[in-house]
Amino acid sequence: MDTNTDNAGMDYITARLATEGSPALAFGGDYNPEQWPEETWDEDVRLMREAGVNLVSVGIFSWSLLEPSEGVYDFGWLDRILDLLHANGIRVDLANATASPPPWFSHKYPQSLPVTADGVRHSYGSRQAFAASSPDYRRAAAALTEQIAARYKDHPAVVMWHIHNEYGCHNQPDFSDGAAAGFRRWLERRYGGLEDLNAAWGTAFWSQRYSAWDEILPPRTSGTWVNPTQQLDFARYSSDELLECYKAEAAIIRSHSGHPVTTNFMGFNMGLHQPVDYWRWSEEMDVVSNDHYLISEDPRNFQELAATADLTRGWANGKPWLLMEHSTSAVNWQPRNIAKAPGEMLRNSLQHVARGADGALFFQWRASRAGAEKFHSGMLPHAGTDTKVWREVVQLGRALRSLAEVSGSVVTGASGRVDVAILHDTDARWGSELDSHPSIDSSNIAETRRWHDAFYRAGIPTDFRRSTDDLSGYRLVVAPMQYLLSDAGVANLAGYAQSGGHLVVSYFSGIVDENDHIRLGSYPGAFSKLLGVQMEEFFPLRAGESVRLSSFGTGTCWQELGKAAGAEVLAAVTEGPAAGSPAVTRHRTGSGRAYYVATSLAPAGMAELLDVVCSDSAVQPLLTGLPADVEVARRSKNGTDWTFFINHGAGEARLDVNGVDLLSGDDTGGALTLAAGGVAVVRSQTSIH
Ligand code: GLA
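Quick caveat: nothing in here was measured; it's all calculated off a predicted structure.

1. Some details on the overall build of the protein
Link 1 in the chain: Check the secondary structure of the protein and you find 18 helices and 28 strands.
Link 2 in the chain: Here the protein has a C-alpha radius of gyration of 26 Å; the compact-globule value for 689 residues is 26 Å, and the two agree.
Link 3 in the chain: Expressed as a percentage of its 689 residues, the buried residues of the protein come to 60%.
Link 4 in the chain: Sequence-distant contacts in the protein: of pairs separated by 6 or more residues, those separated by 24 or more amount to 72%.

2. Topic: the side chain of D291
Link 1 in the chain: Here D291 lies in strand β7 (residues 289-291).
Link 2 in the chain: Polar contacts involving the side chain of D291 include one to the side chain of N264, which spans 2.9 Å.
Link 3 in the chain: A polar side-chain atom of D291 sits 3.2 Å from the main-chain amide nitrogen of E325.
Link 4 in the chain: Residues contacting D291, with those up to four places away along its chain left out, are E166, N264, F265, M266, G267, M324 and E325.

3. Focus: the packing of helix α7 (residues 177-191) against helix α9 (residues 228-256)
Link 1 in the chain: Relative to each other, α7 and α9 sit at 105°, their axes nearing to 10 Å. When the axis of α7 is compared with that of α9, the two are roughly perpendicular. The segment α7 lies against α9, with A179, G182, F183, W186, L187, R190 and Y191 engaging Q230, D233, F234, R236, Y237, D240 and E241.
Link 2 in the chain: In the contact of α7 with α9, the residues fall into seven nonpolar, two polar and five charged.

4. Looking at the sheet that holds strand β16 (residues 546-548)
Link 1 in the chain: The three strands lie next to each other as β16-β17-β22, forming an open sheet whose pairing is antiparallel. Either end of the sheet is taken by a strand with one partner, and the two such strands are β16 and β22 (600-601).
Link 2 in the chain: Pairing between strand β17 (residues 554-556) and β22: two bridges, direction antiparallel. In the sheet register, G555 faces β22, and the bridge partner there is L601.

5. Regarding the packing of aromatic side chains
Link 1 in the chain: Evaluation of the coordinates by the stated rule reveals 32 aromatic pairs.
Link 2 in the chain: Members of the aromatic cluster, connected to one another through ring pairs, are W63, W104, F105, Y109, F130 and Y137.
Link 3 in the chain: The ring of W36 has R366 sitting right over it, with the charged end atom 5.2 Å from the ring centre.
Link 4 in the chain: Just above the ring of Y474 sits the side chain of R417; from NZ or CZ to the centre is 5.3 Å.

6. Re helix α6 (residues 135-152)
Link 1 in the chain: Taking 1.5 Å as the rise per residue, α6 with 18 residues should run 26 Å; its terminal C-alpha atoms sit 26 Å apart, in good agreement.
Link 2 in the chain: Listing the buried residues of α6 in full gives D136, Y137, A140, A141, L144, T145, I148, A149 and Y152.
Link 3 in the chain: Buried residues along α6 sit in contact with α3 (63-66), α4 (76-87), β3 (91-95), α5 (103-108), β4 (158-162) and α9.

7. A short note on the domain arrangement of the protein
Link 1 in the chain: Split into domains, the protein comes out as domain 1 (1-17 + 54-282), domain 2 (288-408), domain 3 (420-617) and domain 4 (630-685).
Link 2 in the chain: The straight-line distance from the C-alpha centre of domain 1 to that of domain 3 is 35 Å.
Link 3 in the chain: Between domain 1 and domain 3, the contact holds 21 residues from the first and 18 residues from the second.
Link 4 in the chain: Together, the buried faces of domain 1 and domain 3 total about 1700 Å²; carbon and sulfur atoms form 61% of this surface.
Link 5 in the chain: Per-residue buried area on domain 1 facing domain 3 is highest for L232, F268 and W279; these three make up 42% of the total on that side.
Link 6 in the chain: At the junction of domain 1 and domain 3, the tally comes to one salt bridge.
Link 7 in the chain: Residue R236 pairs with D427 through a salt bridge whose shortest N-O separation is 3.0 Å.
Link 8 in the chain: On the surface where domain 1 and domain 3 come into contact, there are nine residue pairs in polar contact (both at pLDDT 80 or more).

8. A closer look at the nonpolar core
Link 1 in the chain: L78, L85, L94 and F455 are the most contacted members of the largest nonpolar core, which totals 121 residues.
Link 2 in the chain: Those residues in contact with L94, other than ones at most four positions away along the chain, are V58, L78, L82, I148, Y152, V158, M160, W161 and H162.
Link 3 in the chain: In terms of nonpolar packing, the next biggest core, distinct from the first, is built from 39 residues, V477, V505, A526 and W558 among them.

9. Notes on the pattern of salt bridges
Side chains bearing opposite charge may pair, as long as their charged atoms lie close to each other.
Link 1 in the chain: For the structure shown, the criterion picks out 40 salt bridges.
Link 2 in the chain: Salt-bridge contacts for R366 lead to E43; the nearest nitrogen and oxygen are separated by 2.7 Å. Separated by 323 residues along the polypeptide, R366 in the loop between β9 (357-362) and α13 (388-402) and E43 in helix α2 (residues 39-51) bring together distant segments of the chain.
Link 3 in the chain: According to the relative accessible area criterion, E43 is partly exposed, its value standing at 33%.
Link 4 in the chain: A salt bridge links R466 to D469; its shortest N-O distance comes to 3.6 Å.
Link 5 in the chain: On the basis of relative accessible area, R466 is assigned to the partly exposed category, the value being 22%.

10. Description of the pairing of strand β1 (residues 26-31)
Link 1 in the chain: Counting buried positions along β1 yields six of six residues, so the element is predominantly enclosed.
Link 2 in the chain: Two strands pair when backbone bridges link them, and β1 and β9 are joined in this way by four bridges, in the parallel orientation. Within the sheet, the bridge partner assigned to A26 lies in β9 and is G359.
Link 3 in the chain: The handedness of the β1 to strand β2 (residues 55-58) crossover, carried by α2, is right-handed.

11. Section: the site of the ligand
Link 1 in the chain: All residues in the neighbourhood of the ligand are listed as F61, R127, N165, E166, D291, Y293, E325, W333, F363, E373 and H376.
Link 2 in the chain: Contact between the ligand and E373: an oxygen atom at 2.3 Å from a side-chain N or O atom of the residue.
Link 3 in the chain: One nitrogen or oxygen atom from the side chain of H376 is found 2.7 Å from an oxygen atom belonging to the ligand.
Link 4 in the chain: Summarising the interface, the protein chains cover 96% of the accessible area of the ligand, which totals 310 Å² for the free molecule.

12. Remarks on a nonpolar patch on the surface
Link 1 in the chain: Together, F205, W206 and W225 make up an exposed nonpolar region whose accessible area comes to about 390 Å².
Link 2 in the chain: Position of W225 relative to the elements: it lies in the loop between α8 (194-201) and α9.

13. Side note on the sheet that holds strand β20 (residues 582-589)
Link 1 in the chain: On the basis of which strands lie adjacent, the open sheet formed by seven strands has the order β12-β11-β13-β14-β21-β20-β19 and mixed pairing. Two strands close off the open sheet at either side, each with one partner strand: β12 (462-465) and β19 (568-572). Sheet twist, expressed as the average angle between the axes of neighbouring strands with direction ignored, equals 20°.
Link 2 in the chain: Inspection of the sheet shows strand β14 (residues 502-506) paired to strand β21 (residues 592-597) by five bridges, in the parallel sense. Bridge pairing in β21 places V505 opposite Y596.
Link 3 in the chain: Against the sheet, helix α18 (residues 603-617) touches β13 (476-479), β14, β19, β20 and β21, its axis set at about 170° to β21.

Rules used in this analysis
Residues numbered from 1 in each chain as written. Predicted model: local features only at pLDDT ≥ 70, side-chain atom pairs only at ≥ 80, totals over all residues. Heavy atoms only, no water. Helix = DSSP H or I, 4+ residues; strand = E, 2+ residues; numbered from the N terminus. Rg over C-alpha atoms; globule rule 2.2 N^0.38 Å. Buried < 20%, exposed > 50% of the residue type's maximum accessible area, 1.4 Å probe, protein only. Contact = heavy atoms within 4.5 Å. Polar contact = N/O pair within 3.5 Å; in protein donor to acceptor, adjacent residues only side chain to side chain. Axes fitted to C-alpha atoms, helices over the stretch in contact; angles between N-to-C directions. Parallel < 35°, antiparallel > 145°, perpendicular 65-115°, else oblique. Nonpolar A, V, L, I, M, F, W, Y, C, P; charged D, E, K, R; others polar. Pairing = 2+ DSSP bridges. Phe/Tyr/Trp six-rings, centres within 6.5 Å; stacked < 30°, edge-to-face > 60°. Lys NZ or Arg CZ within 6 Å of the ring centre and 35° of its normal. Expected span 1.5 Å × (residues − 1). Domains from an automatic or database assignment. Buried area = accessible area lost by both parts, 1.4 Å probe. Salt bridge = Lys/Arg side-chain N within 4 Å of Asp/Glu carboxyl O. Core = buried A, V, L, I, M, F, W, Y, C linked by side-chain atoms within 4.5 Å. Right-handed = clockwise from strand over helix to strand, strands pointing away. Near = heavy atom within 4 Å. Areas by Shrake-Rupley, 256 points an atom, 1.4 Å probe, with all protein chains shown as cover. Patch = residues over 30% accessible without salt bridge, like charges linked within 9 Å, V, L, I, M, F, W, Y side chains within 5 Å.

Here it is as structure tokens:
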């Protein structure tokens, strides 16, 4: 296969993992045999077979061993482990090992190390210590990639290529002089001339006008807020610069091999990572793969998992994707790393499969003995095989084998397809996270999760899409805090609503254009007419404050002063300075409807609003009458449905459902009892629902 346009690579992988001719779901994890004496390798592969592991990622952080000094390569150990894995029927996702340059490299080429916004050059000694713009890094990464691809292109164990690792993770955004030069080149391509750049950046403000390209810098630390458009363009540039690294390495691999190429994403990419626009990146992937780690102290972390899995499926264009990493139990990088309760790992892994993953891999196979991640769980724990984790790993391997027939299927909803899309534009998020905004409490991610959570609780599946995507197949589209929208996005959303769609717009959406310039007129500038509202002033609420509404309970975070101009007011603010202003509105536009939600609704009010918009748009839950703690999701293929039931509650759940539970092998006979924390995957014919 040599296409990278349709994310079809997952089918290739499941076919290559086939047992007796039938595609298999991927099961395994990162395997770092170089951290262990070779004597352990035999035990590794024996236990991998015992657990049913069929795919491992090898070599991700091996650069310093594979190239111990410049241009000198040592592939002996890698040859031996790949041969051993092959002899044991275990396939390999082979890394090109470029994620962490060795000390000799950083020592010899110190200019390749990234520089912070404060001008501090980072040292090496952890990982990912490189600047994407560094020609030395790019040359060395290309040379190593060439060696690995040429050597292993025909190795029978290898079925897939793993480029780099989590681009942007622990990889300091680079503000060096090299980045300044790269940024200027990127800006010249974007704007052509300085006048256009000055106009886009609004440099008449605070005397920021540029008269020569050399004057332009990355948004380094300054006295106060740096130009917001400069910050936004720098995020775009930083993502593109890393993408250039990926593309160059992918091109080398593709010149040798037809196996699919991927790099592992990081879900919503929270924390101090470099900005990476996964929508753009996914166009370059043969397989979209993602790493997901639960925030162990989040009481609804399974909902965040569901949202991340749905987002990953969005990047994969609805096709199956690969869960490249998750954890068997605790991680090592949260303030308190809470281990997973018995059964939690199986629920997590199968939640990903329920939402489109064609496999479940972990970081990592054998828990490390040394290094910064020695307290991170693995498939094979420090305490060995007489453990909860190992027994559950073996159980998961068995479960995935019994679910093999699910591979290649797509996620569906009550109508036979997913009817609801939540928009999540990268620029909208980056823009909303800029400084000097009306309220620090307004958060694109939090608002997105609130909407996703409301649909999750209602048992209604959701896709994630971009404002510029074809939305015509969706009955309902939600735009949560889509602060920044391009003209094309605005026109697409208006067209969607006017031609019969149902569009829900939340507060602080459609506020600025792609240069972060206010869309003038009544707020929200992009949608005031479409929504039939004229809002004039934002009235963010104080920390912890809420405001009573005439319907849908209370609002938090935000309210607006304004009036309806054609829209029906479904809820108004009842108190305070914005009393009488609309909080929730509905407006007929063309043959569709557009709704505005000018505050952040609490879950109960959100659920009531969902009843209204779902009834208007004829969106149905997948199943009705389910206990609140039971998550349901469905995958379908060729007239067969697989319905996943995941009980997150502490009590037993009784469900009326027909079909065969693939995990137990039993026919439900019309009624299924799901133990507390239990999972069932029921196969039925599509005609039944
Ligand atoms: C990321 C990385 C892995 C490992 C895990 C730990 O996902 O890709 O190398 O560090 O985090 O959770």
